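Commentary on secondary and tertiary structure
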Amino acid sequence: MLRPCRSVLYIPASKERALEKARELPADAIIFDLEDAVAPEEKARARALLADELQREDFGGRLRLVRVNGLETPWGAADMLSFAAHPGVDAVLVPKVNGPEDLDAVACRVSKPLWAMLETARGCLNAAAIAAHPRLEGMVMGTNDLAKELGARSRPDRLPLMSALGLCVLAARAEGKVIVDGVFNAFKDEAGLKGECEQGRDMGFDGKTLIHPSQLEVANAVFAPSEDEVALARRQIAAYAEARARGEGVAVVDGRIVENLHVATAKALIEKAEVIAAQPIAAGAI
Ligand code: COA
Ligand code: MG
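Residues numbered from 1 in each chain as written. Chains lettered and ligands numbered in written order. Predicted model: local features only at pLDDT ≥ 70, side-chain atom pairs only at ≥ 80, totals over all residues. Heavy atoms only, no water.

**Thoughts on the pattern of salt bridges**
- Per the stated rule, a full pass over the model turns up 27 salt bridges.
- Its salt-bridge partner being Asp90, residue Arg64 comes within 3.0 Å of it at the nearest N-O pair. Remark: Asp90 occurs in the loop between α3 (76–83) and β4 (91–94) and Arg64 occurs in strand β3 (residues 63–67); sequence separation between them is 26 residues.
- Across the pair Arg158 and Glu196 runs a salt bridge whose closest N-O atoms are separated by 3.6 Å. Taken together, the residues Arg158 in the loop between α7 (143–150) and α8 (162–175) and Glu196 in helix α9 (residues 190–203) connect sequence positions 38 residues apart. Here the two residues Arg158 and Glu196 agree in accessibility, since each one is buried.
- Residues participating in the shared-partner salt-bridge network are Asp33, Glu35, Asp36, Arg67, Lys96 and Asp145. (Salt bridge = Lys/Arg side-chain N within 4 Å of Asp/Glu carboxyl O. Helix = DSSP H or I, 4+ residues; strand = E, 2+ residues; numbered from the N terminus. Buried < 20%, exposed > 50% of the residue type's maximum accessible area, 1.4 Å probe, protein only.)

Structure below.
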């Protein structure tokens, strides 16, 4: 199993203090951002600062993604050159991917694995082809850009975005790629964040992108299997083994059937819980 991506924190590459803080924060992954979180006049300084920081610092096993500017901007080519083979970077995150050809254009400049932002209408419609790109490892929903392009209103139930979110989860799962949900903008609203994390988790997302350290604890907890879920999974595995020993193919636990597919889900859940518990950085919470 890949490492968990419950909490994926954006850090503007221009903010020294935030970069420094990153080393002690319990994020499963960090997106060092050169794109939307960095003002045009800061782009060059942020690029140099980040290259230096990633060279010098150990981020303790956290997945390190660098979000570059697009090739259509004045900064994209230089960003890609700086991080194409940087030893402190695990993958390059490409913004506003509209189709697999956008990844081809980056793939020939960058030797790292690629991740794609899905944040345009065209990109979401082409999600299956993007997910199938051989260099792609993961996808990140860019819900702010997507809502802007759709003319969609922000609603707690995210109904206006649901078809796009669902399509992208389908695409990621069809190709066995990681997929992380978009950000929750109101970073002081913990209950709102929890609700949106639970919604994303229930849809099948691996985790949530975050904008502030205060959001880490909620995402880490929501996207980790709970103790009750692990206990149920163990009971399902045991009950199924007993049923098989009796020559039967179906067990019943808490009034629900358990078949081999449920056992596979139960085993995957336990494995995920074990991987999280074994992480060097902050297992469950802060
Ligand atoms: N990553 C790491 N550390 C962060 C952080 C982040 N994304 N956001 C804030 N911090 C740090 C601050 O440096 C500060 O550290 P300190 O108190 O030890 O000096 C601490 O957390 C508290 O920050 P706070 O004062 O509450 O926030 P702020 O007003 O400085 O910043 C935001 C608020 C939203 C502007 C800031 O969180 C941010 O820039 N987030 C990322 C935005 C982004 O990347 N957007 C692009 C993708 S949508
Ligand atoms: Mg965006």
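**Structural notes on the pairing of β4**
- Neither face of β4 is exposed, since Ala91 and Leu93 on one face and Val92 and Val94 on the opposite face are all buried.
- A crossover links β3 with its parallel partner β4, the connecting element being α3, and its sense is right-handed.
- Examined bridge by bridge, β4 and strand β5 (residues 114–118) share three bridges and lie parallel to one another. Counted as the bridge partner of Val92 is Leu114 from β5.
- For the crossover from β4 across helix α4 (residues 100–107) to β5, the handedness is right-handed. (Right-handed = clockwise from strand over helix to strand, strands pointing away. Pairing = 2+ DSSP bridges.)

**Some points on the coordination of the magnesium ion (ligand 2)**
- Those donors, Glu119 (OE) and Asp145 (OD), are the protein atoms that reach the magnesium ion (ligand 2), and they lie 2.0 to 2.1 Å from it. Placement of the pair is Glu119 in the loop between β5 and α5 (121–125) and Asp145 in helix α7, with a sequence separation of 26 residues. Across this residue pair, the class does not change: Glu119 and Asp145 are buried. (Donors = N, O, S within 2.8 Å, 3.2 Å for Na, K, Ca; no water.)

**Some details on the nonpolar core**
- If you look at the biggest cluster of nonpolar residues, it comprises 60 residues, and the most contacted ones within it are Leu50, Val66 and Met139.
- Those residues within four positions of Leu50 in sequence are excluded, and the remaining contacts are Ala13, Leu19, Phe32, Leu34, Val66 and Phe83.
- In this structure, Tyr10, Leu63, Leu65 and Val183 belong to the second largest nonpolar core, which totals 15 residues. (Core = buried A, V, L, I, M, F, W, Y, C linked by side-chain atoms within 4.5 Å. Contact = heavy atoms within 4.5 Å.)

**Some remarks on the sheet that holds strand β1 (residues 7–12)**
- Taken in spatial order, the eight strands of this closed barrel run β1-β2-β3-β4-β5-β6-β7-β8, and their pairing is parallel. On average, adjacent strands in this sheet sit at an angle of 25° to one another, irrespective of strand direction.
- The pairing of strand β2 (residues 29–33) with β3 spans five bridges and is classified as parallel. Bridge pairing in β3 places Phe32 opposite Val66.
- Packing against the sheet, α4 makes contact with β4, β5 and β6 (136–141), and its axis sits at approximately 145° to β5. (Axes fitted to C-alpha atoms, helices over the stretch in contact; angles between N-to-C directions.)

**Examining the domain arrangement of the chain**
- Here the chain is partitioned into domain 1 (7–222) and domain 2 (227–278).
- In this structure, domain 1 and domain 2 have C-alpha centres spaced 33 Å apart. (Domains from an automatic or database assignment.)

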